[in-house]
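# An overview of the molecular structure
The residues making up each chain are set out below.
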Amino acid sequence: TLAAGGAKIDLQGRVDASGYNLGLTSSNAAADAIDAAAAITNVAQLTVTGKSTLASGVSTTGAQIYTDTVSLGGNSNFAGSSLGFGNGIVVGTFDLGLQTDALNIVGAVTGSGNASLSSATQGSTVGIAGGAGTYQLTQATLNGFSSFGSLTVGRADGSGDITIGNLVLPTN
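Computed from a prediction, not measured in an experiment: that's the story for all the values here.

The next thing to look at is the sheet that holds strand E21 (residues 150-153). Across the sheet, which stays open at both edges, the seven strands sit in the order E3-E6-E9-E12-E15-E18-E21 with parallel pairing between neighbours. Bordering the open sheet on either side are strand E3 (15-16) and E21, each of which pairs with just one other strand. Sheet analysis places E3 next to strand E6 (residues 40-43), joined by two bridges and oriented parallel. Paired with Asp16 across the two strands is Thr41, which belongs to E6.

With that settled, consider the pairing of strand E18 (residues 114-118). Where strand E15 (residues 96-99) meets E18, four bridges bridge the pair, whose relative direction is parallel. Paired with Leu98 across the bridge in E18 is Leu117. Two elements, E18 and E21, share four bridges in a ladder whose sense is parallel. If you follow Asn114 over to E21, its bridge partner there is Ser150.

Once that is clear, we can look at the packing of aromatic side chains. Tallied over the full model, the rule gives four aromatic pairs. Between the aromatic rings of Phe78 and Phe85, the centroid separation amounts to 5.7 Å while the plane-to-plane angle is 90 degrees, which identifies the pairing as edge-to-face. Note on accessibility: Phe78 and Phe85 belong to one class, buried. Relative to Phe148, the ring of Phe145 lies with its centre 5.4 Å away and its plane at 45 degrees, an arrangement referred to as tilted. Using a relative accessible area of 3% as the deciding quantity, one classes Phe145 as buried. The exposure class assigned to Phe148 is buried, which follows from its relative accessible area of 4%. Through successive ring pairs, a cluster of aromatic residues spans Tyr66, Phe78 and Phe85.

In a structure, side chains of opposite charge can pair up when their charged atoms sit close to one another. For the structure on display, the rule yields three salt bridges. Ionic pairing is found between Lys8 and Asp32, a salt bridge with its closest N-O pair at 3.0 Å. Of this pair, Lys8 sits in the loop between strand E1 (2-3) and strand E2 (9-11) while Asp32 sits in the loop between strand E4 (22-25) and strand E5 (34-36), placing them 24 residues apart in sequence. Classification of Lys8 by relative accessible area gives partly exposed; the value is 45%.

Attention now moves to the sheet that holds strand E19 (residues 126-128). Taken in spatial order, the three strands of this open sheet run E20-E19-E22, and their pairing is parallel. The open sheet has two edge strands, strand E20 (135-137) and strand E22 (162-164), and neither has a second partner. Strand after strand, the sheet turns through a mean of 20 degrees between neighbouring axes, direction not considered. Pairing of E19 with E20 involves three bridges; the strand directions are parallel.

The subject of this paragraph is the side chain of Thr41. With respect to the secondary-structure elements, Thr41 resides in strand E6. The class of Thr41 is buried, set by a relative accessible area of 15%. Setting aside anything within four residues of it in sequence, one finds Thr41 in contact with Arg14, Val15, Asp16, Ala17 and Ser59.

Here E6 runs beside strand E9 (residues 57-60); their pairing, made up of two bridges, is parallel. Of the residues in E9, the one forming a bridge with Ile40 is Val58.

What counts and how
- Residues numbered from 1 in each chain as written.
- Predicted model: local features only at pLDDT ≥ 70, side-chain atom pairs only at ≥ 80, totals over all residues.
- Heavy atoms only, no water.
- Pairing = 2+ DSSP bridges.
- Helix = DSSP H or I, 4+ residues; strand = E, 2+ residues; numbered from the N terminus.
- Phe/Tyr/Trp six-rings, centres within 6.5 Å; stacked < 30°, edge-to-face > 60°.
- Buried < 20%, exposed > 50% of the residue type's maximum accessible area, 1.4 Å probe, protein only.
- Salt bridge = Lys/Arg side-chain N within 4 Å of Asp/Glu carboxyl O.
- Axes fitted to C-alpha atoms, helices over the stretch in contact; angles between N-to-C directions.
- Contact = heavy atoms within 4.5 Å.

Structural data, given as structure tokens:
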């Protein structure tokens, strides 16, 4: 764990955690209290405590936990067994990809770029708005992406059935 107290954390290059857990903590009030200018990869579990600005995305084999607002500084993909955002995601005009088997977003997701939501596990089924599936996307989660230019659900490789329950399409 890298704990900065009231100071900022500024990661200027790619971070490779070599399969270890990584914790980043800052109590600084700025939106970029924890700033990663490049990708964070090869992490077992990532815990970010404080406001963060991420320019590229994060890849973990385990969970990713963000306790405060995450702002994007570029097109970003987040991939992990579970993704938890404790105070929303500010995407701006960038594209956002969330690939996980368990998604929890508290707070608003704002942006006008493109968003994609998919399971981490190949062949995993997707349940939308109450439909049957191991990867669940609630109506409330989908509503959170209504400001985006497009929302894609499902894996790029086309694996895993999608079952739709009582879906009401969000509008801008």
